[in-house]
Amino acid sequence: MTDTVTLTYGDHTYELPVIIGTEGEKAIDISRLRADTGFITLDTGYGNTGSCTSNITFMDGERGILRYRGIPVEQLAENSTFKETAYLLIHGRLPTQQELTEFSIMLNDHSLVHEDMKNFYQHFPSASHPMGILSAMVNALRSFYPALNNTAEELNMTVTRLLAKIRTMAAMSYKISRGHTTVYPRPDLAYCENFLNMMFDTPVKPYEIKKEVVRALEVFWILHADHEQNCSTSAVRMVGSARVNLYAAISSGIAALWGPLHGGANQAVVEMLKAIQADGGNYRRAIERAKDRSDPFRLMGFGHRVYKTYDPRAKIMKKMCDQLLPALKIEDPLLEIARELEEIARKDTYFIDHNLYPNIDFYSGIVLRAIGIPTNMFTVMFAIGRLPGWIAQWKESLEDPRWKVSRPRQIYLGPLTTDYTPIQER
Ligand code: CMC
């Protein structure tokens, strides 16, 4: 294959370099296009635009492949823990036993949050969504823990601090929203166990940590840990490119994730399944509405910008529903509705022709319900899981020798120069 492509416009030809990734993905490097030709490229929604080169995550939407640092997500879900996967994403390789122990100690050492932060939590209006609170509080961390220099050691401290504190902050927001006493992290508990305990332990009923629940949470967070240049990760990279502090960049990622077309879909799926249940289990109406172009309704948890086949994470999540619910002796009517909805949708020519398959959010809400997570905390759970990916991507962009502040162009379609008219003449 040639290492350039030729662009012809009128009498002119231009050679543009070709970049080929390790998995054979091809890109045309257009970074000099405007300077050399006067053209920009137009790609609304960036469906066909590579914003960076990256060593972190590989996904192939046609073949349903997802790998972190080369390791298939299926293997990580089977064998790894969220903490180890976070280390893999952030540091680029699996840790040794000693590195993992040191990482655990650091996570425990930094898991408390400043007591003054509680005052902030207590003054959010009671109707606040936990994602709005989390985004604001992560940004506020900068005031409580002023940024350290970007030396490798200090960067590691900031990153670990954020990983350690986010689960405490998430659990705290839940407890405060219920008017309950907050539960402090315990040094004897591992990452996922600690989170569950902070969420559900109460002075009147100690929380019983079940191994099936801990494993389900580990897998849930592993599956959410990174997904290359999705909307929230691109937000983290774009905001981070202005060289804001890590907390501000992550806070913008949390805000982006909140949207129902992105991480907010897990909450939207459960709300949709409940609405179908309330409608007497009328799946057909939901399917017909999703197919109707004049109706903004979409089948939540279906479709993906990149996956044009079954999302590999959704396969694992679906299997987990089948195992976890019986193990916990839970019968969730929403699982039956979800299964039937999937079956009908996958036989429907609209969904077949549009390559619409369940994505991770279709079954993840049912897993979260079984764990006991309230619906409005679902996207917070996604955010905690995605944090290692955001950090890894932010760190990679910081270390990129070709770094530039993100600044897309546009094609202006507005009015030509127009004189100002005084208000009396309008
Ligand atoms: N239900 C019905 N029709 C759909 C759906 C859906 N869920 N998703 C896409 N379509 C149709 C869409 O109407 C369009 O049809 P046509 O070409 O006939 O006009 C076509 O498929 C392409 O849709 P698009 O919006 O151009 O595709 P996109 O790549 O921009 O959107 C998506 C991807 C995930 C936003 C979209 O599939 C969607 O809205 N899904 C529901 C929300 C959801 O589950 N989001 C979670 C995504 S996975 C978690 C994450 O990583 O964020």
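First, a word on what this report is: a plain description of the structure on this page. Counting of residues starts from 1 at the beginning of each chain's written sequence and follows it residue by residue. Local features in this predicted model are restricted to residues of pLDDT 70 or higher, and side-chain atom pairs are both shown and tallied only at a pLDDT of 80 or more, whereas totals for entire chains, interfaces and linings draw on every residue. The basis for every side-chain value is the complete set of heavy atoms in the structure, and neither hydrogens nor water enter the calculation.

Our next topic: the site of the ligand. A cutoff of 4 Å decides nearness: a residue is near a molecule or strand if any of its heavy atoms lies inside that distance of it. In the vicinity of the ligand, 19 residues are found, and the nearest of them are His-262, Arg-293, Leu-299, Arg-305 and His-354. The separation between an oxygen atom of the ligand and a polar side-chain atom of His-262 is 2.5 Å. Between N or O atoms, a polar contact is any pair within 3.5 Å; within protein, one atom must be a potential hydrogen donor and the other a potential acceptor, and residues adjacent in sequence are included only when both atoms are from side chains. Contacts to the ligand include Gly-301, whose backbone N or O atom sits 2.8 Å from an oxygen atom. Under the convention used here, a 1.4 Å probe and the Shrake-Rupley method define accessible areas, while residue burial counts only the protein chains that appear. Protein chains shield 78% of the accessible area of the ligand, which is 920 Å² for the free molecule.

What follows concerns the sheet that holds strand S6 (residues 71-72). Sheet strands associate in pairs through backbone hydrogen bonding, adopting either a parallel or an antiparallel arrangement. Pairing between two strands is assigned when DSSP locates at least 2 bridges connecting them. Only DSSP runs of H or I with at least four residues qualify as helices, and only runs of E with at least two residues qualify as strands; both kinds are numbered from the N terminus onward. Taken in spatial order, the three strands of this open sheet run S4-S5-S6, and their pairing is antiparallel. Strand pairing shows two members of the sheet lacking a second neighbour, strand S4 (57-60) and S6, which therefore form its edges. Where strand S5 (residues 65-68) lies against S6, two bridges are found, and the strand directions are antiparallel. By the bridge assignment for S6, Tyr-68 is matched with Ile-71.

Pairing of aromatic side chains here covers Phe, Tyr and the six-membered ring of Trp, requires ring centres within 6.5 Å, and sorts the geometry by plane angle: under 30 degrees stacked, over 60 edge-to-face, intermediate tilted. On inspection of all chains with the given rule, the structure shows 14 aromatic pairs. Relative to Phe-200, the ring of Tyr-174 has its centre 6.3 Å away and its plane inclined at 70°; by these criteria the two rings are edge-to-face. Of this pair, Tyr-174 sits in helix H7 (residues 152-177) while Phe-200 sits in helix H8 (residues 191-200); the two residues are 26 residues apart in sequence, bridging distant segments of the chain. The pair Tyr-174 / Phe-200 is uniform in exposure class, with both members buried. Both rings, one in Phe-362 and one in Tyr-363, keep their centres 5.0 Å apart while their planes meet at 90°; by these two values the pair is edge-to-face. Comparing Phe-362 with Tyr-363 shows no difference in burial state: the two are buried. Connected via pairs of aromatic rings, a cluster forms that spans Phe-302, Tyr-350, Phe-351, Phe-362 and Tyr-363. Each residue's exposure class comes from its accessible area (1.4 Å probe, protein chains only) as a fraction of the maximum for that residue type: buried when under 20%, exposed when over 50%, partly exposed otherwise.

This part is about unusual backbone geometry. Excluding glycine, residues mostly carry a negative phi; peptide bonds, for their part, are mostly trans. Not every positive phi belongs to a glycine, and Arg-243 is a case in point at roughly 65°. On the secondary structure map, Arg-243 appears in the loop between helix H10 (231-240) and helix H11 (246-257). Positive phi is not limited to glycine here, since Lys-329 has a value of about 55°. For Lys-329, the location among the structural elements is in the loop between helix H14 (312-327) and helix H15 (333-347). For Lys-329, a relative accessible area of 75% gives the class exposed.

Salt bridges are identified by distance alone: a Lys or Arg side-chain nitrogen within 4 Å of an Asp or Glu carboxyl oxygen. Counted by the stated rule, this structure contains 21 salt bridges. For the salt bridge of Asp-188 with Arg-186, the shortest nitrogen-to-oxygen distance reads 2.8 Å. Residue class for Asp-188 comes out exposed when judged on its relative accessible area of 53%. Judged by its relative accessible area of 36%, Arg-186 is partly exposed. A salt bridge links Lys-318 to Glu-342; the shortest N-O distance between them is 3.2 Å. Taken together, the positions of Lys-318 in helix H14 and Glu-342 in helix H15 put the pair 24 residues apart, joining distant regions of the chain. Glu-342 gets classed as buried once you look at its relative accessible area, which sits at 3%. Within the structure, one salt-bridge network assembled from shared partners comprises Glu-288, Lys-291 and Asp-348.

On to the side chain of Lys-395, then. Here Lys-395 is to be found in helix H18 (residues 378-399). Any two residues having at least one pair of non-hydrogen atoms within 4.5 Å are treated as being in contact. Not counting residues up to four positions away in its chain, the partners in contact with Lys-395 are Ile-90 and Leu-155.

By themselves, these observations are geometric and do not establish any function.
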